[in-house]
Amino acid sequence: MSGTPVSPWMEGVPSRAPALACDIDCDVAVVGAGFTGLSTAIALREHGLRVVVLERETAGFGASGRNAGHLTPWIGKDLPTLVMLFGRQRTRELIALVQTAIGHVERTIEKHAIDCAYEPVGNVMAAVHPKQYAMLEKAAKAGAEVGADCEMLEPEEMRRRGLPRAFLRGVLERRGGILHPGRYVRGLRAAALAAGAEIYEGTPVTRVEDGEPALLHTPGGRLRARMVALGTNAWTADLGLLKSAVMRLHVYLFRTAPLTQAQRRAVDWHGREGIYTAHEMLESYRLTDDDRIVGGAKTVRYGYGGRALADDPKTFAFIDAAFRDRFPELHDVAITDHWGGPIAFALDFLPAVGRAGKKGNLYYSVGYAGHGIALAGYAGTMIADLMLGQDGPGRGLWGRRRIPLPPEPLRWLVVRALTGVFGATDRRVDRKVRASLRTLSAPAPPGTSGPDPRPALYREPPDGISNL
Ligand SMILES: Cc1cc2nc3c(=O)[nH]c(=O)nc-3n(C[C@H](O)[C@H](O)[C@H](O)COP(=O)(O)OP(=O)(O)OC[C@H]3O[C@@H](n4cnc5c(N)ncnc54)[C@H](O)[C@@H]3O)c2cc1C
């Protein structure tokens, strides 16, 4: 890979494939080589079509090579909101879709022997304060009503599973788990090549000329295609396409040094489940196969007009502070890396899947709202179903009426309002967590003695816990 890797997951990626350097023809032009583009190439090769993938940088350059690696059955904002917006029957279909998508990703990993350290351990949505219990209960109840494979984990069960003490109670999503996204996306790239797809990297598509055939312009040549599949996610609007369907937001992660045995013991973390918190703008934490923590917290940035934003040291300091707050026992663990990446959002938090263009030959699957490992990995099947005019589990997405994004400056105001309200709700919870830490770390009342029954987290808050 040329230049600095976009995330530690992409370290050591070999050099890129050659760029397109002449005019060629194909059945399907796929733009973008992330999970969406590569799963599309694999699915369409199974139908014997000539498929050419054009990637601006390197496969995995986008969110697919930068994410946290939680393979979750998450779709939409959250389950109760999904039921409120779409009703029980539609939600049941959407949950069935995303659970199908997880099975598909697991079969793909197995079929193509992708060595991506996949652990099918599930993910836990966890409360960091009893104030969040109501949210867990609502999610578990909604989950039971719509067929989500989840269960409530009471505090004793959380401890028995070896999840850190900061996470009091949780809802376990049994389907899915954690994986190494860099190795997964590179495995998909290898599988697409083995299936006979052609991949050109370092090949930005500068313009899509609508028509049949469509003509895709790149600096080195043109690609004439009967059909086009867009896997450009957060960059889609830069091509002048789907501008009112999805917008680009930026989210950020950190990685620590490998934890020592003593540090693992201090935090009492021996379970492997991925964890994210029941905040409105969640925190996520997981262990890697070499016992580092990869995590992130409550930071979503939007550039006015959808412009791409550079990384921001203040944001990195903020996510570090959230981590230190949550894991005071790990105050001596070094944070070795920070990175960020663009995600795409629709106003109803669901992916935009469908077809467009004057001839109806422009297919797309974009906008996974930061939860795309499952659905982007299944996008190829959804796009193939659409192209072949077949029904499929994705119908819940392509059959819905989407809410168009408002133009600027209203869009900017909507993002500010949503992140403002969500952030204020989260800060209230975090203030309560800090207040309980202070109460519990107060000296024991005079005259009492014997071993302190309180967990270490509450007894020994170290110096330097930052306020969010
Ligand atoms: C920091 C972060 C953490 C995340 N964590 C999780 C998680 O834990 N779990 C989860 O489910 N999801 C997570 N996500 C979301 C998930 O990574 C995405 O939903 C998924 O990777 C989207 O895949 P994609 O292929 O559609 O898009 P991308 O991977 O973004 O791929 C788009 C590709 O298109 C290329 N491209 C764009 N424009 C052009 C052009 N004009 N010409 C040629 N090529 C072009 C880009 O270079 C890029 O490679 C996270 C995302 C981020 C950024």
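Everything numeric here is computed off the predicted structure, so don't read it as measured data. (Residues numbered from 1 in each chain as written. Predicted model: local features only at pLDDT ≥ 70, side-chain atom pairs only at ≥ 80, totals over all residues. Heavy atoms only, no water.)

Caption draft 1: Up close: the overall build of the protein. A count of helices and strands for the protein gives 11 helices and 18 strands. On the principal axes, the C-alpha backbone points of the protein span a range of 85 × 45 × 45 Å. Counting over 468 residues, the protein shows a buried share of 58%. Of the contacts formed within the protein by residues at least 6 apart in sequence, a portion of 74% connects residues at least 24 apart. Of the roughly 19200 Å² of accessible surface on the protein, 54% is carried by carbon and sulfur atoms. Looking at the protein, you have 59 positive and 50 negative side-chain charges, and the mean spots of the two groups are 5 Å apart. (Helix = DSSP H or I, 4+ residues; strand = E, 2+ residues; numbered from the N terminus. Buried < 20%, exposed > 50% of the residue type's maximum accessible area, 1.4 Å probe, protein only. Contact = heavy atoms within 4.5 Å. Areas by Shrake-Rupley, 256 points an atom, 1.4 Å probe, with all protein chains shown as cover. Lys, Arg positive; Asp, Glu negative; His and termini not counted. Charge placed at Lys NZ, Arg CZ, Asp CG, Glu CD.)

Caption draft 2: Seen up close, the layout of surface pockets. Each pocket or cavity is described by its volume, and for the second largest pocket that value is around 570 Å³. Along the walls of the second largest pocket sit 21 residues, with Lys298, Thr299, Val300, Arg301 and Thr419 positioned nearest its centre. Elements with a contribution of two residues or more to the lining of the second largest pocket: α7 (313–326) and α10 (410–440). With 9 residues, α10 is the largest single contributor of residues to the lining of the second largest pocket. (1 Å grid on protein atoms, 1.4 Å probe; cavity = no way out; pocket = protein on both sides within 12 Å on 5 of 7 lines; lining within 4 Å. Points joined across faces, edges and corners; volume = space filled by probe spheres on them.)

Caption draft 3: Expanded view of the site of the ligand. Surveying the vicinity of the ligand reveals 35 residues, the closest of which are Thr36, Glu55, Ser64, His70 and Val205. For the ligand, an oxygen atom lies 2.7 Å from a polar atom in the side chain of threonine 36. Separating a nitrogen atom of the ligand from a backbone N or O atom of glycine 372 is a distance of 3.1 Å. Computed on the free molecule, the ligand has an accessible area of 1000 Å², of which 96% lies beneath the protein chains in the complex. For the shell around the ligand, the elements supplying multiple residues, two or more each, are α1 (35–45), β12 (247–256), β16 (335–345) and α8 (372–387). By residue number, the principal contributor to the shell around the ligand is α8, which donates 3 residues. Looking at the shell around the ligand, its residues break down into 16 nonpolar, 16 polar and 3 charged. (Near = heavy atom within 4 Å. Polar contact = N/O pair within 3.5 Å; in protein donor to acceptor, adjacent residues only side chain to side chain. Nonpolar A, V, L, I, M, F, W, Y, C, P; charged D, E, K, R; others polar.)

Caption draft 4: Summary view of helix α5 (residues 181–194). The terminal C-alpha atoms of α5 lie 20 Å apart, and with 14 residues this matches the ideal 20 Å at 1.5 Å per residue to within 8%. In terms of residue burial, α5 counts as a mostly covered element, since 10 of its 14 residues are buried. Residues of α5 that are buried in the fold lie against α1, α2 (79–111), β8 (198–200) and α8. A positive phi of about 105° marks glycine 196, the residue just after α5. (Expected span 1.5 Å × (residues − 1).)

Caption draft 5: Local environment of unusual backbone geometry. The step from glutamate 212 to proline 213 runs through a cis peptide bond, and the omega angle for that step is 5°. By the element assignment, proline 213 lies in the loop between β9 (207–209) and β10 (214–218). The step from glutamate 408 to proline 409 runs through a cis peptide bond, and the omega angle for that step is 5°. Along the chain, proline 409 turns up in the loop between α9 (395–398) and α10. We note that asparagine 233 has phi near 30°; this positive angle belongs to a residue other than glycine. On the secondary structure map, asparagine 233 appears in the loop between β11 (221–230) and β12. Here asparagine 233 falls in the buried class, since its relative accessible area comes to 17%.

Caption draft 6: Molecular detail of the packing of aromatic side chains. Inspection of every chain in the model, using the stated rule, returns 14 aromatic pairs. Note on tryptophan 74 and tyrosine 276: the rings are 4.9 Å apart at their centroids and 55° apart in plane angle, and the pair reads as tilted. Of the two residues, tryptophan 74 sits in the loop between β3 (70–71) and α2 while tyrosine 276 sits in strand β13 (residues 274–277), which places them 202 residues apart along the sequence. A relative accessible area of 4% places tyrosine 276 in the buried class. Measuring from centroid to centroid gives 5.7 Å for tryptophan 269 and phenylalanine 327, while their planes differ by 0°, and the two rings are stacked. Highlighted residues: tryptophan 269 in the loop between α6 (261–267) and β13 and phenylalanine 327 in the loop between α7 and β16, separated in sequence by 58 residues. Phenylalanine 327 sits in the buried class, given a relative accessible area of 0%. Grouping aromatic residues by their ring pairs yields a cluster made of Phe167, Phe254, Trp269, Tyr285, Phe323 and Phe327. Sitting over the face of the ring of phenylalanine 422, lysine 77 holds its NZ or CZ atom 5.0 Å from the ring centroid. (Phe/Tyr/Trp six-rings, centres within 6.5 Å; stacked < 30°, edge-to-face > 60°. Lys NZ or Arg CZ within 6 Å of the ring centre and 35° of its normal.)

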